[in-house]
Amino acid sequence: MFVGVGASRVRDLFENAKKTAPCIVFIDEIDAVGRHRGAGLGGGHDEREQTLNQLLVEMDGFDQENSAIIIAATNRPDVLDPALLRPGRFDRQIVVDRPDIKGRAAIFKVHTRNLPISDEVDLEVLAKGTPGFSGADIANICNEAALLAARRDSSIITMYDFEQAKDKVMMGVERKSLVISDKEKETTAYHEMGHALVGKFTPITDPVHKVTIIPRGRALGITSYLPKEDQHSLSKEYLEAQLAMLLAGRAAEKIVFNHYSTGAANDLERATKISRKMVCNWGMSEKLGPVTYATEHDEVFLGKEMSQPRDHSDLTAQDIDAEVRKIILNAYNKAESILKEHIDLLHKTSKILLERETLEGEELDMIIKGEELPPINLRKLNALRSMKTNGNSDGNGNDTEAEEPVNITNETNDIENNNEE
């Protein structure tokens, strides 16, 4: 009873468009009806193909007097039928990519214009620290920052709130309730500090943004990096430095505790993927040369071939495996040598990380230079100052006529004698 309904609806749509011309017809998620014909196993004459055929007939492009403009959107242009994309049906294709740093700064301005933000909030810094974020991600950060400020009973949203919201979106929600043994916590601290120190002493890598042993998402600890600028192509040296950083956590565990743990599982997976792409996709192996050996695994249900033969011999496959292993071992040895060279710093920073649980990139720089760390992060202090006391606060976040003093030590775990504010 439902056969032909899709084609009928397409006919009705274009009939209405002709009656109300000039007009614009917008089809969102066109891949729902515009997928590649003949896909799947066994015949292809199904209801979806009837709908697409009717759409192709209506958009044939031969009727020059038709003043209806057709616009469609999809995030899967690779699965669309080629006949749908030819000039005459869709004459122009526009790629809407993720925003660059200027675009992100403008989006931050849009989403913060109705929020009571502090004067210290620098939207340019936030834009620089969110590479690869979409507009929806940025809106999510602004909402999370507002919620965090509200939970602190603050009259304004500070830079600390935005940093915490960014960490939540990028790294996951903190799970402070998770019970971890002291031994496991110590292993995690050395693991994360291994990542961070190799990142610090490898100049070509992205700067270390934050190191934490507070569990977030499914990870027991996280070391996050932020690129200095948006990158669109990566060099071999940069990728090798990335591999060294990924394997540094495992190397630190081996050096200090002389054992391996399952905590490096994700690091090894990512390192193997990068090194295999270096060899097979990007021609970065000296032995195999500038040849692509990647076997594309196309989906049979998207109209691709069912049998996908490998385009290289068994001997070449062995060479590929050997080159992948060689790249990973070289990166591991590099990470191990850096950590052995700075073993005292590894012990020192890991102990500080165990005490503080979280270290900013700037604080790590201070430790490496031999400077004393302040008892509390300045951003966190500004956030505490913005809190309301007894419901009274002026517009700048300064408390006015508080009847009861605020106990700052209840808000932060890493300070004890800072009640002067």
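What counts, and at which threshold
- Residues numbered from 1 in each chain as written.
- Predicted model: local features only at pLDDT ≥ 70, side-chain atom pairs only at ≥ 80, totals over all residues.
- Heavy atoms only, no water.
- Core = buried A, V, L, I, M, F, W, Y, C linked by side-chain atoms within 4.5 Å.
- Buried < 20%, exposed > 50% of the residue type's maximum accessible area, 1.4 Å probe, protein only.
- Helix = DSSP H or I, 4+ residues; strand = E, 2+ residues; numbered from the N terminus.
- Contact = heavy atoms within 4.5 Å.
- Pairing = 2+ DSSP bridges.
- Axes fitted to C-alpha atoms, helices over the stretch in contact; angles between N-to-C directions.
- pLDDT = per-residue confidence, 0-100.
- Salt bridge = Lys/Arg side-chain N within 4 Å of Asp/Glu carboxyl O.
- Expected span 1.5 Å × (residues − 1).
- Arc of directions from axis to C-beta.

### Observations regarding the nonpolar core
Of all hydrophobic cores here, the largest spans 43 residues; its most connected members are M193, V198 and L339. Those elements that provide at least two residues to this core are α8 (182-200), β3 (208-212), α9 (236-257), α10 (265-280), α11 (314-341), α12 (343-356) and α13 (361-369). It is α9 that contributes the most residues to this core, 10 residues altogether. Beyond its immediate stretch of four places on either side in the chain, M193 contacts V211, L346, T349, S350, L353, L359 and L364.

### Digging into the sheet that holds strand β5 (residues 358-360)
What the 3 strands build is an open sheet, ordered β4-β3-β5; its pairing is antiparallel. Each having just a single partner strand, β4 (222-225) and β5 make up the two edges of the open sheet. Sheet twist, expressed as the mean angle between neighbouring strand axes with direction ignored, is 10 degrees. Here β3 runs beside β5; their pairing, made up of 3 bridges, is antiparallel. Along β5, the bridge assignment pairs T212 with T358. In this fold helix α7 (residues 159-171) packs onto β3 and β4, with an angle of close to 80 degrees to the strand it touches most, β3.

### Details of the confidence of the model for the protein chain
The pLDDT averaged across the protein chain works out to 81; a share of 83% of its residues lies at or above 70. Across the protein chain, the secondary-structure element scoring lowest on mean pLDDT is helix α14 (residues 378-385), at 69, and the one scoring highest is helix α4 (residues 101-112), at 93. Residue range residues 390-421 is modelled with pLDDT below 50. Its contacts to residues more than four positions away, or to other chains, number 46 contacts.

### Points about the side chain of D206
Looking at the secondary structure, you find D206 in the loop between α8 and β3. The residues touching D206, leaving out its near neighbours within four places in the chain, are Y225, L226, P227, Q231, Y238 and Q242.

### Regarding the environment of T158
Positionally, T158 belongs in the loop between α6 (135-151) and α7. Distance in space between the C-alpha atoms of T158 and E120 is 7.0 Å, their sequence separation being 38 residues.

### Topic: the pattern of salt bridges
Taken as a whole, this structure holds 12 salt bridges when the rule is applied. The residue E286 makes a salt bridge to K236 at a minimum N-O spacing of 3.9 Å. Of the two residues, E286 sits in the loop between α10 and α11 while K236 sits in helix α9, which places them 50 residues apart along the sequence. On the accessibility criterion, E286 (71% relative accessible area) is exposed.

### Some remarks on α12
Residue pairs three or four apart in sequence face the same way in an α-helix, which turns once every 3.6 residues. For α12, with 14 residues, the first-to-last C-alpha span of 20 Å sits near the 20 Å given by 1.5 Å per residue. Among all positions in α12, only L345, L346, T349, S350, I352, L353 and R356 are buried. One side of α12 holds all its buried residues, which, seen down the axis, span an arc of 165 degrees. Facing away from the buried side of α12, by more than 90 degrees, are the exposed residues D344, K351 and E355. Packed against the buried residues of α12 are α8, β3, α9, α11, β5 and α13. Downstream of α12 by a residue or two, E357 has a phi angle that is positive, lying close to 75 degrees.

### Some remarks on unusual backbone geometry
For the peptide bond that leads from A21 to P22, omega is 0 degrees, which places it in the cis range. Topologically, P22 is positioned in the loop between α1 (5-19) and β1 (23-28). Phi angles above zero are rare outside glycine, and E29 is one such case at about 50 degrees. Of note, E357 is a non-glycine position whose phi angle comes to about 75 degrees, a positive value. Mapped onto the elements of the fold, E357 is located in the loop between α12 and β5.

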